[in-house]
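# Tertiary structure, described
Here is how the chains run, residue by residue.
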Amino acid sequence: MEGVAWKQRSPATCPPIRCIVKLGGAAITNKGELESIDQDSLRSTCAQLRQAMSDPAAKGKVMGMDWSRRFGDPADPVVDAEGFADMPGIGLDSNFIVVHGAGSFGHFQASRSGVHKGGLHSTLVKAGFVATRISVTSLNQEIVRALAREGIPSVGMPPFACGWSTQQRNLASADASQIIQSLHAGFVPVLHGDAVFDELLDCTILSGDVIIRHLAQLLTPKYVVFLTDVHGVYDRPPTDPDAVLLREIEVDDNGGWSVVKPALQDNGKGVEISVASHDTTGGMETKILEAAAIARLGVDVYITKVDTEHSLRALKGAVNTCSDDWLGTVIRSAK
Ligand SMILES: Nc1ncnc2c1ncn2[C@@H]1O[C@H](COP(=O)(O)OP(=O)(O)OP(=O)(O)O)[C@@H](O)[C@H]1O
Ligand SMILES: C=C(C)CCOP(=O)(O)O
């Protein structure tokens, strides 16, 4: 039986990963409104992901995989079991991993209680740890459901529940065997920024950007995509009308990076980044550092705006740095 054959596969060897994509919290939630999902943006992103994962020649109707009732549903959802027989599979070389941020979930609870600074002896921090995890896992459930409704076989994998932990905010234990087994079984793992134990601080907040860097180092995807609410990295906060989009950033062997397009006077050394006051994981600054660490591996990183033609091209890995018709930031190795 096919199932037996699958179970005999060694989970230690990971199938080739095409893409690891970060659904930024700023992309899929309304960051200015507590625990508010941007449903249109999330729905569009799930549809683009399905498009990027599917074999263009595949025919047949995409069948939803969320059979739970949704608020206000009049009756139990109808499951057309026979419809799955003709459903087009996801492309064989389309092993994707999804990681999402917290956006307007989690950050408020974490910053209000200081979870990112640790100290579980404090009842406030312990309460904040609980509240933060309730918030980010509820967001994870909604994202898994939205992906499943697009026919993407997604499984939520909260880092805390998978036993991941940090030491002084750096990943210390991050076993990926469950992720690898899920990929072998044809699922799409969906991880997220989470509250985790820390060997020195007791607890802290683990950013989705750090998770992506770790998974890229471990599994070497063909490319990595960060989807957010702006077209990429600018030379200053994009709220400034004079902000210039940095289209191409090169990373050297030492992890130093410089802007190659457009040519800037100081090579972009003076890139100015602002971080929202409640953001407990460093915002765009963390993203650039993690993206540079990924590019050092020889993995191209695309940072672009969600729900655009540019995000679809990035998810398909169809970005050509020689042309200027793609709006976003490419971060790649200088080699
Ligand atoms: N120099 C800059 N270039 C680009 N964006 C910047 C810059 N400085 C500040 N920003 C802000 O950074 C934000 C994106 O960073 P943020 O970490 O919020 O993204 P995210 O990954 O979508 O969110 P989360 O970290 O919650 O997952 C943008 O909304 C933008 O306004
Ligand atoms: C619990 C939280 C706040 C997770 C933060 O993850 P990020 O939004 O990817 O930085």
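The rules behind the values
Residues numbered from 1 in each chain as written. Chains lettered and ligands numbered in written order. Predicted model: local features only at pLDDT ≥ 70, side-chain atom pairs only at ≥ 80, totals over all residues. Heavy atoms only, no water. Salt bridge = Lys/Arg side-chain N within 4 Å of Asp/Glu carboxyl O. Helix = DSSP H or I, 4+ residues; strand = E, 2+ residues; numbered from the N terminus. Buried < 20%, exposed > 50% of the residue type's maximum accessible area, 1.4 Å probe, protein only. UniProt positions renumbered as here; feature names shortened; annotations may be inferred. Phe/Tyr/Trp six-rings, centres within 6.5 Å; stacked < 30°, edge-to-face > 60°. Contact = heavy atoms within 4.5 Å. Near = heavy atom within 4 Å. Polar contact = N/O pair within 3.5 Å; in protein donor to acceptor, adjacent residues only side chain to side chain. Areas by Shrake-Rupley, 256 points an atom, 1.4 Å probe, with all protein chains shown as cover. Nonpolar A, V, L, I, M, F, W, Y, C, P; charged D, E, K, R; others polar. Pairing = 2+ DSSP bridges. Axes fitted to C-alpha atoms, helices over the stretch in contact; angles between N-to-C directions. pLDDT = per-residue confidence, 0-100.

Let us now look at the pattern of salt bridges. Taken as a whole and judged by the stated rule, the model has 15 salt bridges. Taking the shortest distance from any N to any O, the salt bridge between D40 and R43 comes out at 3.1 Å. Of this pair, D40 and R43 are both found in helix α3 (residues 39–53), three residues apart, which corresponds to roughly one turn of the helix. Residue classification places R43 among the partly exposed positions, given a relative accessible area of 47%. A salt bridge links R313 to D325; the shortest N-O distance between them is 3.3 Å.

Here, UniProt's "binding site: substrate" (unreviewed entry) annotation points to A102, H107 and G208. What stands out for the annotated residues spanning 107 residues is how close their C-alpha atoms remain, the widest pair being 12.2 Å apart. As for its position among the elements, A102 is in the loop between β2 (96–100) and α4 (107–113). For A102, a relative accessible area of 12% gives the class buried. Following the sequence through the fold, H107 ends up in helix α4.

Let us look at the packing of aromatic side chains. Aromatic ring pairs are defined here through the distance separating the ring centres and the angle between the ring planes. This structure, assessed with the given rule, holds six aromatic pairs. Between W67 and F84 the ring centres are 5.9 Å apart and the planes differ by 70 degrees, which places this aromatic pair in the edge-to-face class. With W67 in the loop between α3 and β2 and F84 in the loop between α3 and β2, this residue pair connects regions lying 17 residues apart in the sequence. Look at F84 and you get partly exposed, because its relative accessible area is 26%. Centre to centre, the rings of Y223 and Y302 are 6.0 Å apart; their planes meet at 40 degrees, and the pair counts as tilted. Taken together, the residues Y223 in strand β9 (residues 223–228) and Y302 in strand β12 (residues 300–305) connect sequence positions 79 residues apart.

Cross-referencing UniProt, the feature "site: Transition state stabilizer" (unreviewed entry) maps to K31 in the present numbering. When you line up the elements, K31 lands in the loop between α2 (25–28) and α3. Among all residues touching K31, those that are not within four sequence positions of it are G25, A26, G103, S104 and D279.

For the rest of this paragraph, the subject is the site of ligand 1. Contacts to ligand 1 come from 25 residues, most closely from G25, K31, D229, E272 and K287. In this structure, an oxygen atom belonging to ligand 1 sits 3.1 Å away from a side-chain N or O atom of K22. Between ligand 1 and the protein, one listed contact pairs an oxygen atom with a side-chain N or O atom of K287 at 2.5 Å. Within the complex, 91% of the 640 Å² of free accessible area of ligand 1 lies under protein. For the shell around ligand 1, the elements supplying multiple residues, two or more each, are α2 and α8 (283–295). Among the residues making up the shell around ligand 1, the classes are represented as 10 nonpolar, nine polar and six charged.

Another point: the sheet that holds strand β4 (residues 165–167). Strand order in this open sheet of four strands is β5-β4-β7-β8, and the pairing throughout is mixed. Across the chains shown, the open sheet's two edge strands, defined by having one partner strand only, are β5 (170–173) and β8 (202–206). Going from strand to strand, the sheet's axes swing by 50 degrees on average, the running direction of each strand aside. Across two bridges, β4 lies against strand β7 (residues 194–198) in parallel orientation. Directly across from T166, in β7, lies its bridge partner D198. Packed onto the sheet, helix α5 (residues 123–149) meets β7 and β8 and runs at close to 140 degrees relative to β7.

This part covers the site of ligand 2. Looking at ligand 2, there are 14 residues lining it, with A102, H107, S207, G208 and T281 nearest. Take S207: an N or O atom from its side chain is 2.9 Å from an oxygen atom of ligand 2. Within the backbone of G208, a nitrogen or oxygen atom sits 2.8 Å from an oxygen atom of ligand 2. Taken by itself ligand 2 offers 320 Å² of open surface, and the protein chains cover 96% of this.

Moving on, we get to the side chain of H214. With respect to the helices and strands, the residue H214 is situated in helix α7 (residues 208–219). Residue H214 is classed as buried on the basis of its relative accessible area, which comes to 15%. Excluding anything up to four places from it in sequence, H214 contacts W164, L171 and A174.

With 93% of its residues at a pLDDT of at least 70, the protein reaches an overall mean of 89. Segment residues 6–10: pLDDT under 50, and five contacts once partners within four positions in sequence are set aside and those in other chains are kept.

What follows covers the sheet that holds strand β3 (residues 154–156). Spatially, the nine strands line up as an open sheet ordered β3-β6-β2-β1-β9-β12-β13-β10-β11, and their pairing is mixed. In this open sheet, the two edge strands, each paired with only one partner strand, are β3 and β11 (257–261). Between one strand axis and the next, the sheet turns through 20 degrees on average, direction left out of account. Direction of pairing for strand β10 (residues 248–251) relative to β11: antiparallel, over a ladder of four bridges. Bridging across to β11, E250 finds its partner in S258. Sitting on the sheet, helix α6 (residues 177–184) touches β2, β3 and β6 (188–192), and the angle it makes with β6 is about 150 degrees. Set on the sheet, helix α9 (residues 309–316) makes contact with β1 (19–23), β2, β9 and β12; between it and β9 the angle comes to about 155 degrees.

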